[in-house]
Amino acid sequence: MAKVLSGAGLRGQVAGKTALSTVGKSGSGLTYRGYDVKDLAEKCEFEEVAFLILKGHLPNQTELNDYKAKLKGLRGLPQALKDVLERIPADAHPMDVLRTGCSMLGNLEMETEFEQQQSVTDRMLACFPSIICYWYRFSHDNVRINVETDDDSIGGHFLHMLRGEVPNELHVKVMHVSLILYAEHEFNASTFTARVCASTLSDMHSCITGAIGSLRGPLHGGANEAAMEMIEGFTSADHAEEEMMGKLARKEKIMGFGHAIYSESDPRNEIIKQWSEKLAADVGDTVLYPVSVRCEEVMWREKKLFCNADFFHASAYNFMQIPTKLFTPIFVMSRLTGWAAHVMEQRADNRIIRPSAEYIGEDLRPVPAIEERG
Ligand SMILES: CC(=O)SCCNC(=O)CCNC(=O)[C@H](O)C(C)(C)COP(=O)(O)OP(=O)(O)OC[C@H]1O[C@@H](n2cnc3c(N)ncnc32)[C@H](O)[C@@H]1OP(=O)(O)O
Ligand SMILES: O=C([O-])CC(=O)C(=O)O
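Residues numbered from 1 in each chain as written. Chains lettered and ligands numbered in written order. Predicted model: local features only at pLDDT ≥ 70, side-chain atom pairs only at ≥ 80, totals over all residues.

Peer 1: What should I look at first to understand the overall build of the chain in this one?
Peer 2: Assigned secondary structure in the chain consists of 16 helices and three strands. For the chain, the C-alpha radius of gyration of 22 Å lies close to 21 Å, the compact-globule estimate for 374 residues. With the C-alpha coordinates of the chain rotated into their principal frame, the extents come out at 70 × 55 × 50 Å. Out of the 374 residues in the chain, the part that is buried amounts to 47%. Looking at the chain alone, contacts between residues at least 24 apart form 76% of all its contacts between residues at least 6 apart. (Helix = DSSP H or I, 4+ residues; strand = E, 2+ residues; numbered from the N terminus. Rg over C-alpha atoms; globule rule 2.2 N^0.38 Å. Buried ≥ 20, exposed ≤ 12 C-beta atoms within 10 Å, placed from the backbone. Contact = placed C-beta atoms within 7 Å.)

Peer 1: Could you clarify how one ought to interpret the nonpolar core in this entry?
Peer 2: Side chains of nonpolar character tend, in soluble globular proteins, to be buried together. Ranked by internal contacts, the top residues of the largest apolar core, which has 109 residues, are V49, F128, I180 and I208. Take this core: its biggest share by element is twelve residues, from helix α6 (residues 117–141). Composition of this core by domain shows at least three residues from each of domain 1 (21–217 + 323–348) and domain 2 (223–319). Excluding its chain neighbours within four sequence positions, the residues that come into contact with V49 are Y32, L40, C44, I180 and A183. (Core = buried A, V, L, I, M, F, W, Y, C linked by C-beta atoms within 7 Å. Domains from an automatic or database assignment.)

Peer 1: Would you explain the domain arrangement of the chain in this entry?
Peer 2: When the parts of a complex come together, some accessible area is lost, and that lost area is often used as the size of the interface. With domains assigned, the chain is organised as domain 1 (21–217 + 323–348) and domain 2 (223–319). Every contact between the two is made by 18 residues of domain 1 and, on the other side, 18 residues of domain 2. For the side of domain 1 that touches domain 2, the secondary structure elements donating two or more residues are α1 (37–43), α8 (169–182) and α16 (327–348). It is α8 that provides the largest number of residues to the side of domain 1 that touches domain 2, a total of six residues.

Peer 1: Before we go on, may I ask you to explain the sheet that holds strand β2 (residues 30–32) in this structure?
Peer 2: For sheets, the rule is that strands pair by backbone hydrogen bonds, running either parallel or antiparallel. Within the open sheet, the three strands sit side by side as β1-β2-β3. Their pairing is antiparallel. Either end of the sheet is taken by a strand with one partner, and the two such strands are β1 (21–23) and β3 (35–36). Note that β2 and β3 share two bridges and pair antiparallel. Across the sheet, residue Y32 finds its bridge partner in β3, namely Y35. (Pairing = 2+ DSSP bridges.)

Peer 1: Whenever I open this one, the site of ligand 2 confuses me. Can you help?
Peer 2: Taken together, H185, N188, A260, I261, N308 and A309 make up all the residues around ligand 2. Along the lines of polarity and charge, the residues of the shell around ligand 2 split into three nonpolar, three polar and no charged. (Near = placed C-beta within 6 Å. Nonpolar A, V, L, I, M, F, W, Y, C, P; charged D, E, K, R; others polar.)

Peer 1: Teacher, can you tell me more about the packing of helix α12 (residues 237–249) against helix α14 (residues 288–303) here?
Peer 2: As a packed pair, α12 and α14 sit with axes 9 Å apart at the nearest point and diverge in direction by 35 degrees. Between α12 and α14 lies a crossing whose hand is right-handed. Touching A237, A240, E241, M244, M245 and L248 of α12 are P290, V291, R294, C295, V298, E302 and K303, all from α14. (Axes fitted to C-alpha atoms, helices over the stretch in contact; angles between N-to-C directions. Left-handed = near helix turned anticlockwise from the far one by under 90°.)

Peer 1: I tried to follow the confidence of the model for the chain on my own but got confused; where do I start?
Peer 2: For residues with low pLDDT, the predicted coordinates do not support detailed interpretation. Scored by pLDDT, the chain comes out at a mean of 97, with 99% of its residues at no less than 70. Our summary of model confidence lists the complex with pTM equal to 0.97 and ipTM equal to 0.97. (pLDDT = per-residue confidence, 0-100.)

Peer 1: Even after reading the chapter, I still don't get α12, so can you show me in this structure?
Peer 2: Residues separated by three or four positions in an α-helix point in the same direction, a consequence of the helix having 3.6 residues per turn. Here α12 contains 13 residues, and its C-alpha end-to-end distance of 18 Å stays within 8% of the 18 Å for a straight helix at 1.5 Å per residue. Downstream of α12 by a residue or two, K251 has a phi angle that is positive, lying close to 60 degrees. (Expected span 1.5 Å × (residues − 1).)

Peer 1: How should I be thinking about helix α13 (residues 267–283) in this particular structure?
Peer 2: Between the first and last C-alpha of α13 there are 26 Å, a value that for 17 residues agrees with the 24 Å anticipated at 1.5 Å per step. Within the sequence span of α13, burial applies to P267, R268, N269, I271, I272, K273, W275, S276, L279 and A280. Of the surrounding elements, those touching the buried residues of α13 are β2, α1, α8, α14 and α15 (311–319). At the exit of α13 stands G284, carrying a positive phi of roughly 70 degrees.

Peer 1: What is the right way to read unusual backbone geometry from this model?
Peer 2: Peptide bonds are mostly trans, and most non-glycine residues show a negative phi. Positive phi outside glycine occurs at R33, with the angle close to 45 degrees. Structurally, R33 can be placed in the loop between β2 and β3. The phi dihedral of L201 is positive, around 70 degrees, even though this residue is not glycine. By the secondary structure assignment, L201 is in the loop between α9 (189–199) and α10 (204–215).

Peer 1: Looking at this structure, how should I read the packing of helix α7 (residues 154–163) against α8?
Peer 2: Two measures define how a pair of helices packs: the angle their axes make with one another and the distance between the axes. Where α7 meets α8, the axes come as close as 8 Å, and the angle between the chain directions of the two elements is 125 degrees. The pairing of α7 with α8 is recorded here as oblique in orientation. Crossing geometry of α7 relative to α8 is assigned as right-handed. Along its contact with α7, which presents I154, G155, G156, F158 and L159, the element α8 presents H171, V172, M175, H176 and L179. Of the residues contributing to the contact of α7 with α8, the split by class is six nonpolar, four polar and no charged. (Parallel < 35°, antiparallel > 145°, perpendicular 65-115°, else oblique.)

Peer 1: Would you explain the environment of A340 in this entry?
Peer 2: For A340, the position within the fold is in helix α16. The buried category is assigned to A340, around which 26 C-beta atoms lie within 10 Å. Through-space distance from the C-alpha of A340 to that of E184 is 10.0 Å; in sequence the pair is 156 residues apart. If we skip the residues at most four places from it in the chain, A340 touches L54, T121, M204 and I208.

Okay, structure coming up:
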């Protein structure tokens, strides 16, 4: 399942050890602490998986109840953070809002000792949805929402704040699945960013702020938004095929396809695709889902490129009426668990990450006097 890896971008180089996940190992495409992601997505709530990734084992019922109650109690935002969020304009990108929100939280509730790493992470896990929705609803709808709702789950809390009404069961279930699928993925770019930052013995908020910046780009987490922008321009499956062929002829990169490690498929795709299909039936869609399926067929037929985790997330989120620009922030709400667990793992066996560069610049030369320079 994994590619033969070599070349630029540190591809194929082992850059450290992890006990958190395997990506592209034959037999199972993706595992978190030894559990197949398919199994986890079928049997677990996101909070169980977050607990697994952060604390090392699957919680029993009492541990899960306690953990969910703890997270529920951590949803509130300090007034100083709300003040900052209210000053960010409506046309800001929500990933930038979240980056600022995380950084501000680090000023207000600083991690002063590494012993606090679990508690500062739980706090972020509980309040990142509040940060996104508080800013979104204030800047777009001019309302100051109550972020301390009684919803049972992180996904439910997010949807409730976003829409101002309690979400239905199907949507809550899809949020659990989506957050589970996005939670952890070995040494991807944003996680590696977090680990490099952690290796300097920096604080948790700095590591997570940096990781948010790395996830934002369209070659990484930003691909779910870019995929949505593409497919919403297609009016039918045939139109999608025609446009995709044109893009391929022009050698354009198609967001939501391909992967740095997987060679034939991304195991998360078939899972989110099934849920996207269910949501399509639920809303009576006759365009977006068939368009997405045709894009998948064309890319495989023409280029042997497959959908990664991001592609069918686009239609799934769209069917749940989630605004496109909030797609990547949802990824953050989930991947925070992986990032933080990697920071903890790095801290537990640390050496500063400092690779070498191959120098390709000028040979040694004298500095000319300023009047002699061209
Ligand atoms: C959750 C996630 O972060 S998943 C990734 C999300 N990102 C995207 O969906 C962005 C689109 N995809 C891509 O840009 C790439 O596939 C990446 C960044 C994910 C992986 O990059 P790489 O490891 O460099 O890809 P890889 O080595 O397989 O590329 C092989 C060839 O396929 C091409 N290719 C790869 N993906 C695509 C794509 N989505 N569309 C068109 N061509 C592609 C590359 O341009 C390359 O061609 P070249 O050798 O002529 O330059
Ligand atoms: O592993 C990667 O390079 C990107 C990815 O799929 C992820 O971070 O989920």
